[in-house]
Amino acid sequence: MTTKAYPPAPKHLRAACAHPSGHLGSHGSRTTLQVYLDDGLVYRNDGDGYRLPPATAQAQGVGPYFITGAGRRAILNDSQLAAVDSADEDGALRDVSWPTAASLARLALVEYRDADGAPQHTDGDDGRTGPKHHPYLTAAGLDAARAAEPQP
């Protein structure tokens, strides 16, 4: 008998991605959670704040599970991945469509900044003049971008 591998349920990872601290609030079953852990999409710390191995995280961990950069990447579609991966050194997204930037902002991977670099809630488009603020990767967005790079 072969076991069919199921992809992670993205709704759980999307909620964790959008959470300010990256907490995985719900995860469905213990089996789903173990898939997340084994695939490096989430992690859990021990009592001293060190990341536990996936095999022991459910039994020995304390506190919430956190989404990883790989977990953030796992929920992105092709245009979102391309946007995250094309960011400048300063995290600016230059040639990204407004729907893609807006979807990344909802996932807390992008924030809008004005000309002075101050974060803004929206792109500032009033429907007549176009966007006034530009999208930049947040710390979580940078984490997702780094997850694509080969690790030493």
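Below you will find a few notes about this structure. Predicted model, so just to flag it, every value in this text is computed and none were measured.

Time to look at the environment of aspartate 90. Mapped onto the fold, aspartate 90 is located in the loop between α5 (78-85) and α6 (98-106). In this structure, aspartate 90 is in contact with Arg113 and Tyr136, ignoring residues within four places of it in sequence. There is a polar contact of 3.1 Å between the side chain of aspartate 90 and the backbone nitrogen of alanine 92.

With that settled, consider the sheet that holds strand β2 (residues 42-45). Ordered by their spatial adjacency, three strands build an open sheet running β1-β3-β2, and the pairing between neighbours is antiparallel. With one partner strand each, in any of the chains shown, β1 (23-24) and β2 form the two edges of the open sheet. In this sheet, strand β3 (residues 62-67) lies alongside β1 in antiparallel orientation, the contact comprising two bridges. Bridge assignment links histidine 23 to a residue of β3, and that residue is phenylalanine 66.

Residues Val42 and Arg44 line one face of β2 and the alternating positions Tyr43 and Asn45 line the opposite face, and both faces are buried. Two strands pair when backbone bridges link them, and β2 and β3 are joined in this way by four bridges, in the antiparallel orientation. Within the sheet, the bridge partner assigned to asparagine 45 lies in β3 and is valine 62.

What follows is about the pattern of salt bridges. This model, assessed by the stated rule, comprises six salt bridges. In this structure, the salt-bridge partner of arginine 113 is glutamate 111, at a minimum N-O distance of 2.9 Å. Aspartate 126 is paired through a salt bridge with lysine 132; the nearest N and O atoms lie 3.6 Å apart. One connected set of salt bridges, linked through shared partners, spans Asp88, Asp90 and Arg94.

Cut-offs and rules
- Residues numbered from 1 in each chain as written.
- Predicted model: local features only at pLDDT ≥ 70, side-chain atom pairs only at ≥ 80, totals over all residues.
- Heavy atoms only, no water.
- Helix = DSSP H or I, 4+ residues; strand = E, 2+ residues; numbered from the N terminus.
- Contact = heavy atoms within 4.5 Å.
- Polar contact = N/O pair within 3.5 Å; in protein donor to acceptor, adjacent residues only side chain to side chain.
- Pairing = 2+ DSSP bridges.
- Buried < 20%, exposed > 50% of the residue type's maximum accessible area, 1.4 Å probe, protein only.
- Salt bridge = Lys/Arg side-chain N within 4 Å of Asp/Glu carboxyl O.

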